[in-house]
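# Structural overview for review
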Amino acid sequence: MVLGSFSKGLRRVALAFFVTGSAIAAPVMQVSRFDIAGVQSLDLRGINNQGLMVGEAKVAGQWQGFQVVNGSVRFLGGPAGALGTHAMGVSEAGAVVGNYWTSMRDDGLGNLIEGPAKGYVLENGQFTTLAYEGAEETSVRGISDNGRYLSGYSVLDFLRGETQAWVYDRQTGQFTDVMRGFGAIAAHVDDQGRVLGSTRYRDPVTGRLVGTSFTFDAGVLKLFNLDGQTDTRARAVNAGGQMAGFVRQAGVDRAFLGTPSDYQLYNWQGATGTHIQDINDAGVAVGYAFNEDGNGFSYQALIFRQGVPEPAALALSAVALLALRLTRRRTG
């Protein structure tokens, strides 16, 4: 596992856990559903430090972006001609980012799907669109707290799944390429333009597609996986160094929350898989569970909060720490 300077906070938190011994009891996730009356399929994608959340709900067969302020849901609409929208991230000032589409297309298997997509920023009630030159489509996935930087990806070859992850500086109007890969996504960006994301690449020895996460800081790209995992899809990190996303194990996706060396995995009961997409500085995370049905996939929006360790875990911690002290005494 390799972590760049982007993850200094992660290293500090992991080191503190190791020194104090509290890594024995990983944080417990308290998970609750988020519902909109009359909507059967929806998810949550972003949350800021004020608790404003964004996501999308399937209405009349098309996804529609929404925001949640103080428990009230408001659908966002879209740029002129939009058939639907995805709302993917939100800044501290409430600027929302995502993508939209004005037509449907064949997925190569005879099915009509949304797209091609263009990115957008919704700020002060106005939509601004964004497209990466030469790409088939563009999706904005994240916005920095201060609103200056956007992160996302553009599809270079839809049928092959080849994408270009990037970071965009709204102040200069410039894209910076992060990496190209099969499903490369720049998911999270901070106020300095540093990026967290994931990709897949073909192993030169086995020829298989391998999943990994990455950091990108001042032009330096570094790959990593969570300890003990071989396919990590990191999606967000907060100021306290808590990282969130999901891992893929034997074809099943499980949400994770914690640090690269001390984390908890979770899957919503009965779900095909569970993802966390964002986490704020208070440790509140948002995401969704999904299930495959006869019409594709259905989604259940979820909110993740960190609880206290279970009594049994606390007891194990106390026993482990006592054993450590006794060992030290015996060894002098």
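These remarks concern the structure in this document. (Residues numbered from 1 in each chain as written. Predicted model: local features only at pLDDT ≥ 70, side-chain atom pairs only at ≥ 80, totals over all residues. Heavy atoms only, no water.)

Quick look at the sheet that holds strand 12 (residues 137-143) now. Pairing in this open sheet of four strands is antiparallel, and the strands run 12-13-14-15 from one edge to the other. Of all the strands in the sheet, just strand 12 and strand 15 (174-182) have a single pairing partner and so form its edges. Taking each pair of neighbouring strands and ignoring which way they run, the sheet shows an average axis angle of 25 degrees. For strand 14 (residues 162-169) and strand 15, the ladder comprises eight bridges, and the chain directions are antiparallel. Directly across from Y168, in strand 15, lies its bridge partner F175. (Pairing = 2+ DSSP bridges. Helix = DSSP H or I, 4+ residues; strand = E, 2+ residues; numbered from the N terminus. Axes fitted to C-alpha atoms, helices over the stretch in contact; angles between N-to-C directions.)

What follows is about the packing of aromatic side chains. Geometrically, a pair of aromatic rings is defined through the distance of the ring centres and the angle of the planes. Counting across every chain of the model gives 12 aromatic pairs. Taking 6.1 Å as the distance between ring centres and 70 degrees as the angle between the ring planes, the aromatic pair formed by F66 and F75 counts as edge-to-face. Since its relative accessible area comes to 37%, F75 is described here as partly exposed. The rings of W63, Y288, F290, F297 and Y299 are connected pair by pair, giving a single aromatic cluster. A cation sits over an aromatic face here: R202 above F182, 5.6 Å from the ring centre. (Phe/Tyr/Trp six-rings, centres within 6.5 Å; stacked < 30°, edge-to-face > 60°. Buried < 20%, exposed > 50% of the residue type's maximum accessible area, 1.4 Å probe, protein only. Lys NZ or Arg CZ within 6 Å of the ring centre and 35° of its normal.)

With that settled, consider the sheet that holds strand 11 (residues 126-130). Taken together, four strands build an open sheet; the order of strands is 6-7-10-11 and the sheet is antiparallel. If you trace the sheet from one side to the other, it starts and ends with strand 6 (84-90) and strand 11, each paired once. Shown here is a sheet whose adjacent strand axes are inclined to one another by a mean of 30 degrees, direction ignored. As judged from the six bridges shared by strand 6 and strand 7 (residues 96-101), these two strands associate in the antiparallel manner. Bridge pairing in strand 7 places A87 opposite G98.

Sheet analysis places strand 18 (residues 209-217) next to strand 19 (residues 220-224), joined by five bridges and oriented antiparallel. If you follow S213 over to strand 19, its bridge partner there is F224. The hairpin formed by strand 18 and strand 19 contains two residues between the paired strands, and A218 there has a positive phi angle of roughly 55 degrees.

You will see that A60, though not glycine, has its phi angle at about 50 degrees, which is positive. Relative to the helices and strands, A60 resides in the loop between strand 3 (53-59) and strand 4 (62-69). A positive phi angle is found at A218, which is not glycine, with a value near 55 degrees. If you trace the backbone, A218 turns up in the loop between strand 18 and strand 19.

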